[in-house]
Amino acid sequence: MRTHRRGLRRTLKALLVLAIVLVVALAAYVGDVTVRQQQEVVIPAPTGRYPVGRTMADWTDDARTDPLAPRSGTPRELSVWLWYPAAPAPGAAPARYTPGAWSGLHLHGPLGLGETRFDHVGVHAVADAPAASDRFPVVVLEPGLGLAAPQYTTLAENLASHGYLVAGITPTYSANLTVLDGRPVGATPAVNPQESDAAAMRPAADRLVSVWAADDRFAASRVAALDATGRFAGHVDAATTAYLGHSFGGAAALQACHDDPRCAGAADLDGTQFGTVVQSGLGKPMMLLASQGSCITGTCRPSNPDEQSERDAARSLLVASTGPVWSFQLDGAAHFNFSDYGAYYLAAPIRYLLGLGSIDGDHALTIADAYLAAFVDHVARGLPEPLLAGSTPYPEVQRTAS
């Protein structure tokens, strides 16, 4: 009996020690997260020769009734962020990452404690700076489903620094947050495809991608009109437009390019393809940049019906397309490494939930920057680009068959 009691005491003591160790470890981890959440972070620097400016606009497409709005008969309204080659005053301070109500893009509740505070995220663009001299081709950039244009600041700033006027769209009622006239507007739950598998959601996704593609074309036409007056008068080369996007925005970019005769080319960053372009193909230059194991290049080995559906769509698109195609995979990258989520601190559980890969976040964005700039330089300006030809300094990039 005594032996049993001594064994029980030893067990209880061991459990107590273990509990204390776990509490101390948890407290240390929480303390580390709290410190890192408040540290200053600067997104990767643009690599082009131009300083970057940034301004924002709210545009209404009176020619379209918004099929996503909660009230019927509402015209389609969009918030558009413009990044552009600039000539800022010496010493001008960079803009805030998410000014005003846009700060609501920060993760809410307990999750927000594990993400860099957005007032501690540094960018390089100067708000409302004068435009640089010269005329600049147009790039339309669309985010992934639920996300917003500011969350792609790294990609947008880099393209602007290479001499492009970048229009970043936040798709109203699909994004978790957009801001119109200073007023936060959330997603409409019934808007976004909700089916449990890719094949079942395809009809709804096809309908939604047509709305987003129309947003892209509308934004391109409004940017073209800016050449007539104001800050961008004489600075817009509207004859040349490229469409780019991440995730669902990548699908929209391909569809917009398919529908727009002015399109010089389109790039899809890890986005499953939807819309009529999947069957009819693209006659313009196209770049697919995928995360590791992604099916958007048509080269994966499907492990489930969703992946099978994604690969089938990619292969249909590639077979039907008549324009040149460049197709790459970024090893170590996961789906959200193409957004700013890769640039700032996220606690380990949040990184896992969001889907960030093992690759260094800044490095992944630097690679995406390089390939997007190479693609747009080639299709918009006709420049030869070794990256597209397969000569790369990045061992993480694998060229896939297309």
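You'll find the structure just up there.
Below is a summary of the structure that appears in this document. What you see is a predicted model; the values in this text were computed from it and never measured.

1. With respect to the pairing of strand β8 (residues 177-180)
Residues Leu-177 and Val-179 line one face of β8 and the alternating positions Thr-178 and Leu-180 line the opposite face, and both faces are buried. As paired strands, β8 and strand β9 (residues 183-186) are joined by four bridges and run antiparallel to one another. Pairing of Leu-180 across the sheet is with Arg-183, part of β9. From the end of β8 to the start of β9, which pair antiparallel, there are two residues, and Asp-181 there has a positive phi angle of about 55°.

2. As for the state of the cysteines
Evaluation of the coordinates by the stated rule reveals two disulfides. What pairs with Cys-257 in a disulfide is Cys-263, and their sulfur atoms sit 2.0 Å apart. With the S-S bond torsion at -95°, the cross-link from Cys-257 to Cys-263 turns out left-handed. Judged on exposure class, the residue Cys-257 and its partner Cys-263 are both buried. When the bonded cysteines of the protein are counted from the start of the sequence, the pairing works out to 1-2, 3-4.

3. Quick look at the packing of aromatic side chains
If you walk through the whole model with that rule in mind, you get 14 aromatic pairs. Arranged with centres 6.0 Å apart and planes meeting at 75°, the rings of Tyr-97 and Tyr-344 form a pair that is edge-to-face. Placement of the pair is Tyr-97 in the loop between β3 (75-85) and β4 (121-122) and Tyr-344 in the loop between β13 (325-330) and α7 (348-354), with a sequence separation of 247 residues. Ring geometry for Trp-212 against Phe-248: centres 4.9 Å apart, planes inclined by 85°, an arrangement best described as edge-to-face. Here Phe-248 lies in helix α4 (residues 248-259) and Trp-212 lies in helix α3 (residues 198-225), a separation of 36 residues in the sequence. This pair shows no difference in class: Trp-212 is buried, exactly as Phe-248 is. Note that Arg-381 overlies the ring of Tyr-164, its terminal NZ or CZ placed 4.2 Å from the centroid.

4. A few points about helix α2 (residues 153-161)
For α2, the buried fraction is high: nine of the nine residues fall into the buried class. Where α2 is concerned, the buried positions are Thr-153, Thr-154, Leu-155, Ala-156, Glu-157, Asn-158, Leu-159, Ala-160 and Ser-161.

5. Concerning the environment of Gly-361
As for its position among the elements, Gly-361 is in helix α8 (residues 361-381). Judged by its relative accessible area of 8%, Gly-361 is buried. Linking Gly-361 and Pro-44, residues 317 residues apart in sequence, is a C-alpha distance of 9.7 Å. Contacts of Gly-361, omitting those with residues within four sequence positions, involve Asn-337 and Gly-342.

Parameters and conventions
- Residues numbered from 1 in each chain as written.
- Predicted model: local features only at pLDDT ≥ 70, side-chain atom pairs only at ≥ 80, totals over all residues.
- Heavy atoms only, no water.
- Buried < 20%, exposed > 50% of the residue type's maximum accessible area, 1.4 Å probe, protein only.
- Helix = DSSP H or I, 4+ residues; strand = E, 2+ residues; numbered from the N terminus.
- Pairing = 2+ DSSP bridges.
- Disulfide = S-S within 2.5 Å.
- Phe/Tyr/Trp six-rings, centres within 6.5 Å; stacked < 30°, edge-to-face > 60°.
- Lys NZ or Arg CZ within 6 Å of the ring centre and 35° of its normal.
- Contact = heavy atoms within 4.5 Å.

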